[in-house]
Amino acid sequence: AQSVTQPDIHITVSEGASLELRCNYSYGATPYLFWYVQSPGQGLQLLLKYFSGDTLVQGIKGFEAEFKRSQSSFNLRKPSVHWSDAAEYFCAVGLTQGGSEKLVFGKGTKLTVNP
Amino acid sequence: KAGVTQTPRYLIKTRGQQVTLSCSPISGHRSVSWYQQTPGQGLQFLFEYFSETQRNKGNFPGRFSGRQFSNSRSEMNVSTLELGDSALYLCASSLALASARTGELFFGEGSRLTVL
């Protein structure tokens, strides 16, 4: 079955430190991959997306992600974290399942930023 | 440009009742999708409407239904509420159908339903 796994439920980093959030997917075809962020009490906002081409994609707020087909991974990175990055991050795969097209989300990784 | 608006933001119901949630998409967006978010199951796709027709559907029982109006506004209804229906219900709009594969979904802040 198609799925998205985010191995880390909660990550804590210090402000200014680098960040990498992991995402692994299970899907037979070429996936459409997304990272969304959800701030407390807010809806989700798209950070970046990958459809094809260059495997390193740039997003908003200084985030980037790298698609690695051999590892079925799409990890999110940021060189220097800001306190305002504290939020929950969701990796998602866009796919066709049972004749319907939808986004399948991972369970999320909650990011805490220490001052 | 106004974002996706969901009403009500919070509501409390008892088991067996029904509930209707409303979503107004971004102006010009014709697709509206609904997601259920719970701590245990995470985000799960309910359905997507485009041009007043349900085009995509997730794996939820028939108690969960929706509709879309000619102005693209959408409502979802849950009948015979169960305790497990307590969740944050998120609506997302987009320009195109099958936005899950094509691009960006714009989410509202959600309607938090508590079933007692």
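None of the values given here were measured: they were computed from a predicted structure. (Residues numbered from 1 in each chain as written. Chains lettered and ligands numbered in written order. Predicted model: local features only at pLDDT ≥ 70, side-chain atom pairs only at ≥ 80, totals over all residues. Heavy atoms only, no water.)

Caption draft 1: Structural view of the overall build of chain B. If you tally the helices and strands in chain B, you get 1 helix and 11 strands. Of the regular secondary structure in chain B, the N- to C-terminal order runs β-β-β-β-β-β-β-β-β-α-β-β. Relative to the globule expectation of 13 Å for 116 residues, the C-alpha radius of gyration of chain B, 13 Å, shows essentially globular dimensions. Overall, the C-alpha framework of chain B stretches about 35 × 25 × 25 Å when taken along its three principal axes. Across the 116 residues in chain B, those meeting the buried criterion constitute 51%. Excluding contacts between residues fewer than 6 apart, the proportion of contacts in chain B whose partners are at least 24 apart in sequence is 56%. Charged side chains of chain B number 12 positive and 7 negative; the gap between the two group centres comes to 2 Å. (Helix = DSSP H or I, 4+ residues; strand = E, 2+ residues; numbered from the N terminus. Rg over C-alpha atoms; globule rule 2.2 N^0.38 Å. Buried < 20%, exposed > 50% of the residue type's maximum accessible area, 1.4 Å probe, protein only. Contact = heavy atoms within 4.5 Å. Lys, Arg positive; Asp, Glu negative; His and termini not counted. Charge placed at Lys NZ, Arg CZ, Asp CG, Glu CD.)

Caption draft 2: Focus on the side chain of His29(B). All names here are of chain B. Position of histidine 29 relative to the elements: it lies in the loop between strand E3 (19-24) and strand E4 (31-38). Here histidine 29 falls in the buried class, since its relative accessible area comes to 5%. A polar contact is formed between the side chain of histidine 29 and the side chain of serine 93, at a distance of 2.8 Å. Sequence-distant contacts of histidine 29, defined by excluding residues within four places in its chain, comprise Ser72, Ser93, Ser94, Leu95 and Phe106. (Polar contact = N/O pair within 3.5 Å; in protein donor to acceptor, adjacent residues only side chain to side chain.)

Caption draft 3: Here's a closer look at the interface of chain B and chain A. Counting residues at the interface gives 24 residues for chain B, matched by 22 residues for chain A. Around 1900 Å² of area is buried between chain B and chain A when both sides are counted, 52% of it from carbon and sulfur atoms. Inspection of the chain B/chain A interface yields 0 salt bridges. Across the contact surface, chain B and chain A share 4 residue pairs in polar contact (both at pLDDT 80 or more). Looking at the side of chain B that touches chain A, the elements that each hand over two or more residues are E4, strand E5 (42-50), strand E6 (53-57), strand E9 (87-94) and helix H1 (99-102) of chain B. At 4 residues, E5(B) tops the list of elements feeding residues into the side of chain B that touches chain A. Here the side of chain B that touches chain A is composed, by residue class, of 9 nonpolar, 9 polar and 6 charged. (Buried area = accessible area lost by both parts, 1.4 Å probe. Salt bridge = Lys/Arg side-chain N within 4 Å of Asp/Glu carboxyl O. Nonpolar A, V, L, I, M, F, W, Y, C, P; charged D, E, K, R; others polar.)

Caption draft 4: Main features of the pairing of strand E8 (residues 64-68) of chain A. Residue and element names in this part refer to chain A. As defined by bridge partners, strand E7 (residues 56-58) adjoins E8 across 3 bridges and the pair is classed as antiparallel. Pairing of glutamine 58 across the sheet is with glutamate 64, part of E8. Between the antiparallel neighbours E7 and E8 lie 5 residues, among them lysine 61 with a positive phi of about 60 degrees. Where E8 and strand E9 (residues 73-78) come together, 5 bridges link them in antiparallel fashion. (Pairing = 2+ DSSP bridges.)

Caption draft 5: Geometry of the sheet that holds strand E1 (residues 5-7) of chain B. All names here are of chain B. If you walk across this open sheet you meet the 4 strands as E1-E3-E8-E7, and the pairing is antiparallel. The strands lining the two open edges of the sheet, one partner per strand, are E1 and strand E7 (64-68). When the angles between neighbouring strand axes are averaged without regard to direction, this sheet yields 20 degrees. (Axes fitted to C-alpha atoms, helices over the stretch in contact; angles between N-to-C directions.)

Caption draft 6: Structural detail: the pairing of strand E2 (residues 10-14) of chain A. Residue and element names in this part refer to chain A. Here E2 shows a clear split, with Ile11 and Val13 buried on one side and none of His10, Thr12 and Ser14 buried on the other. By the bridge criterion, 5 bridges tie E2 to strand E12 (residues 109-114) in an arrangement that is parallel. Residue pairing in the sheet places valine 13 in a bridge with valine 113 of E12.

Caption draft 7: Region of the structure containing the nonpolar core. Membership of the largest hydrophobic core comes to 28 residues, with the highest contact counts inside it found for Leu19(A), Trp35(A), Leu47(A), Leu48(A), Phe74(A), Leu76(A) and Tyr89(A). Contributions of two or more residues to this core are made by E2, strand E3 (19-21), strand E5 (32-38), strand E6 (44-50), E8, E9, strand E10 (87-97) and E12 of chain A. For this core, the element with the highest residue contribution is E10(A), accounting for 5 residues. Beyond its immediate stretch of four places on either side in the chain, Tyr89(A) contacts Gln6(A), Leu21(A), Trp35(A), Tyr36(A), Val37(A), Leu47(A), Phe63(A), Leu76(A), Gly108(A), Thr109(A) and Leu111(A). Membership of the second largest hydrophobic core comes to 21 residues, among which are Val4(B), Leu21(B), Cys23(B) and Phe60(B). (Core = buried A, V, L, I, M, F, W, Y, C linked by side-chain atoms within 4.5 Å.)

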